[in-house]
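Single-letter residue listing:
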Amino acid sequence: MARPQKMVIVGAGPVGSLAALYAAQRGYRVEVYELRPDLRDPRIVPLNFTKSINLALSERGINAIRHAGLPDLLEDILGACVPMRGRMIHGKKPSGALYEVAQDFDIHGRVSFRHRLSDVGLIHHRQPVHPANKSNPQCNLAMDRGALNARLLDALEDLPNVELFFNHKLTGADFRKRKAWIEDRDRLSPSGRPREMEIDFDIMLGADGAHSAVRYHMMKFSRMDYQQEYIDTLWCEFRIDAGKPQPDGSETWKISPNHLHIWPGKDFMFIAIPSEDGSFTCTLFLPANHFVTLEADPSQVPDFFDVNFPGVRDHISDASLIDAFNTNPHLPLISLKCKPYHFGASGVIIGDAAHAMVPFYGQGMNTGMEDVRILFSILDKHQALLAETNSPLDDEDDEQQSSSNAAAEQAHAQALAEYSATRWVDAYTINDLAFQNYIEMRTSQSTTYKLRKALEEFLSLRLPGLGWRTKYSLVVFSNRPYSECVRQTDRQGRVLSRLFAGLVTSPFLAVGVYLAYSYRRPMKELWHNAVAIWQMM
Ligand code: FAD
């Protein structure tokens, strides 16, 4: 047997952990290096996040976990999610009455419904919507990012060919020599600095987030195009506490737990995502200058909410609003694109390291997990081609070992090149869509938005034979390449425009045809006279 290849994975976030599972199941010797301490330690506060964030896990992420080949893991993760069947838009009418409007993500589930806040200001219970049940509407699944990550790490720990190193920071990498340098923060030198160690690898996978060290070092070896942008919006976390528990002790939610709640503003937005324990993790997205104004006088925060996010004060006390604003960090949002993602046969970046995006399509982590599925399917393909052309190898034979290494290297090089060449198109597409959705979510009250949505939904629902699907449903509930989703919806858009143009021009056409028919005799005479005059000239 050939010696197994060593895959070093940098970053044990959701994407790195899932990649380690895929690699381990393919027989690689896997080492995972993670800068932070083990997040499963309850004393640890995640970097950048106050507690943790709730994420929307959707089809692409679920599908990637499904392909990890651990059905129990998938079941366990799905069991810890709260299904969100749609958006709940909150607002205030000119009369001052509060309202909320539900828009289902999956219009084939149940028709959207509308109700006044007074009808629903009671206790809410979670609807038993299980994503595995096909008869239920398609949902986004709310999941605590830390809890998801912890489950992936637990699964990794059970595998004999995986070693996890927490508190280990990648500080350098040479992709030609296949060596990397790691700071071990648990072992200090006599001078008090973390000890540095040198490791080697056959292939390194960089899943170390938006500020990726792997990407930084890879850029010294590959001609990588790179662009990044900070948007002028910061985010800060808030929380709606659980409602009073039921007599049997089970949780209750103050607002519907099966919706992604949105309080849209022109330049800003407040959202709430349900948690299993009955609470909601809320995020305020606000331009930086508004943060500066409120930071100068945080006592203004409740009034600011009152004006811009009507009804939120019914669920979060003024003291909690001010406390969360003062205590929780005000964090930036970065969007980055780069390509190629690899160098030769020795390194590749995935997840946020390759394509961090603004979070407004809820696809950042889902795309990162899809990277894992696609990358390993391409690796599998090239390994299979390799196996077809090579015979099994002997353990002891050095010559055969080195020829096996060369063949594995060739397969890696071809696979990474194919991955880079194909994946960037979809990564760039979802990056752009996330930006567009930011605008859409903030203006989700506009008449054009509602009209377009209604028309698309009507066509999708009433004429299913046309294969008409909304962009959101293709992006979030399918595994079609993002670029294909956009191509299909662009095509649909062109058909819609023609339909509109036809509807607008058809009355004029009808009047024209009617006049021509009614006055056909005088028109004919006129035409003959005109021809005769023309011939006499
Ligand atoms: P990360 O989660 O950033 O993990 C990278 C890991 O690498 C970290 O653990 C870090 O400690 C480690 N690391 C960094 N540097 C080093 C180093 N030098 N050496 C060793 N280790 C290192 N996505 C969704 O799909 N749905 C959502 O609803 C959603 N909502 C979001 C809401 C907000 C407010 C934000 C900010 C993001 C949201 N996202 C969402 C995006 C999602 O959080 C990211 O896309 C996802 O976490 C990326 O995972 P990752 O593993 O690639 O990177």
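On a predicted model such as this, the values are computed, not experimentally measured, just so you know. (Residues numbered from 1 in each chain as written. Predicted model: local features only at pLDDT ≥ 70, side-chain atom pairs only at ≥ 80, totals over all residues. Heavy atoms only, no water.)

**With respect to the overall build of the protein chain**
Okay, step 1: Each helix and strand in the protein chain was counted, giving 16 helices and 20 strands.
Okay, step 2: Per-residue burial over the protein chain gives 50% buried out of 537 residues.
Okay, step 3: When contacts within the protein chain are restricted to residue pairs at least 6 apart in sequence, those whose partners lie at least 24 apart make up 70%.
Okay, step 4: Taken as a whole, the protein chain presents about 26,300 Å² of accessible surface, with 56% of it coming from carbon and sulfur. (Helix = DSSP H or I, 4+ residues; strand = E, 2+ residues; numbered from the N terminus. Buried < 20%, exposed > 50% of the residue type's maximum accessible area, 1.4 Å probe, protein only. Contact = heavy atoms within 4.5 Å. Areas by Shrake-Rupley, 256 points an atom, 1.4 Å probe, with all protein chains shown as cover.)

**Some points on the sheet that holds strand E3 (residues 54-57)**
Strands pair in a sheet through their backbones, by hydrogen bonds, and they do so in one of two ways: parallel or antiparallel.
Okay, step 1: The antiparallel open sheet is built from three strands, whose spatial order is E3-E8-E4. This sheet does not close on itself; its edge strands, each paired only once, are E3 and strand E4 (82-84). For this sheet the average axis-to-axis angle between neighbouring strands, irrespective of direction, equals 35°.
Okay, step 2: Examined bridge by bridge, E3 and strand E8 (residues 140-144) share four bridges and lie antiparallel to one another. Bridge pairing in E8 places Leu57 opposite Leu141. (Pairing = 2+ DSSP bridges. Axes fitted to C-alpha atoms, helices over the stretch in contact; angles between N-to-C directions.)

**Thoughts on the environment of Lys169**
Okay, step 1: Locating Lys169 in the fold gives a position in strand E10 (residues 168-174).
Okay, step 2: Counting along the chain gives 64 residues from Lys169 to Thr233, while the straight-line C-alpha distance between them is 29 Å.
Okay, step 3: Every residue in contact with Lys169, bar those within four places of it in the chain, is listed here: Leu35, Trp181, Ile182, Glu183 and Arg185.

**Overview of the packing of aromatic side chains**
Okay, step 1: Summed over all chains, the structure comprises 23 aromatic pairs.
Okay, step 2: An angle of 75° between the planes, with centres 6.1 Å apart, marks the rings of Phe304 and Phe309 as edge-to-face.
Okay, step 3: Phe304 gets classed as buried once you look at its relative accessible area, which sits at 13%.
Okay, step 4: Both rings, one in Tyr361 and one in Tyr472, keep their centres 5.6 Å apart while their planes meet at 15°; by these two values the pair is stacked. (Phe/Tyr/Trp six-rings, centres within 6.5 Å; stacked < 30°, edge-to-face > 60°.)

**Some thoughts on the confidence of the model for the protein chain**
Okay, step 1: Per-residue pLDDT for the protein chain has a mean of 86; in total, 86% of the residues score no lower than 70.
Okay, step 2: We note a pTM of 0.87 for the whole complex and an ipTM of 0.99 for its interfaces. (pLDDT = per-residue confidence, 0-100.)

**Some words on a nonpolar patch on the surface**
Okay, step 1: On the surface, a nonpolar cluster with roughly 550 Å² of combined accessible area is contributed by Val511, Tyr514, Leu515, Tyr519 and Met523.
Okay, step 2: Sort the elements by how many residues they give to the nonpolar patch and helix H15 (residues 482-518) lands first, with three residues.
Okay, step 3: The topology assignment puts Tyr519 in the loop between H15 and helix H16 (520-536). (Patch = residues over 30% accessible without salt bridge, like charges linked within 9 Å, V, L, I, M, F, W, Y side chains within 5 Å. Salt bridge = Lys/Arg side-chain N within 4 Å of Asp/Glu carboxyl O.)

**Comments concerning the nonpolar core**
Okay, step 1: Within the largest apolar cluster, 109 residues are counted, with the highest numbers of intra-cluster contacts made by Leu18 and Met204.
Okay, step 2: With nine residues, the top contributor of residues to this core is helix H12 (residues 398-442).
Okay, step 3: Listed in part, the 25 residues of the second largest apolar core include Trp263, Phe291, Leu294 and Ile316. (Core = buried A, V, L, I, M, F, W, Y, C linked by side-chain atoms within 4.5 Å.)

**Things to note about the packing of helix H2 (residues 59-66) against helix H3 (residues 71-79)**
Okay, step 1: Contact geometry for H2 and H3: axes closest at 9 Å, N-to-C directions at 150°. Looking at the two axes, H2 sits roughly antiparallel to H3. Across from Ile62, Ile65 and Arg66 in H2, the residues of H3 making contact are Leu73, Leu74, Ile77 and Leu78.
Okay, step 2: Partitioned by chemical class, the residues of the contact of H2 with H3 number six nonpolar, no polar and one charged. (Parallel < 35°, antiparallel > 145°, perpendicular 65-115°, else oblique. Nonpolar A, V, L, I, M, F, W, Y, C, P; charged D, E, K, R; others polar.)

**Description of the pairing of strand E15 (residues 259-264)**
Okay, step 1: Taken across its six residues, E15 has six buried, putting it largely inside the fold.
Okay, step 2: Bridge count between strand E5 (residues 86-92) and E15: four bridges; the pairing is parallel. Across the sheet, residue Ile89 finds its bridge partner in E15, namely Ile262.
Okay, step 3: One ladder, built from four bridges, connects E15 with strand E16 (residues 269-274); its direction is antiparallel. Looking at the pairing, Trp263 lines up with Phe270 of E16.
Okay, step 4: Counted between consecutive antiparallel strands, the loop separating E15 from E16 contains four residues.

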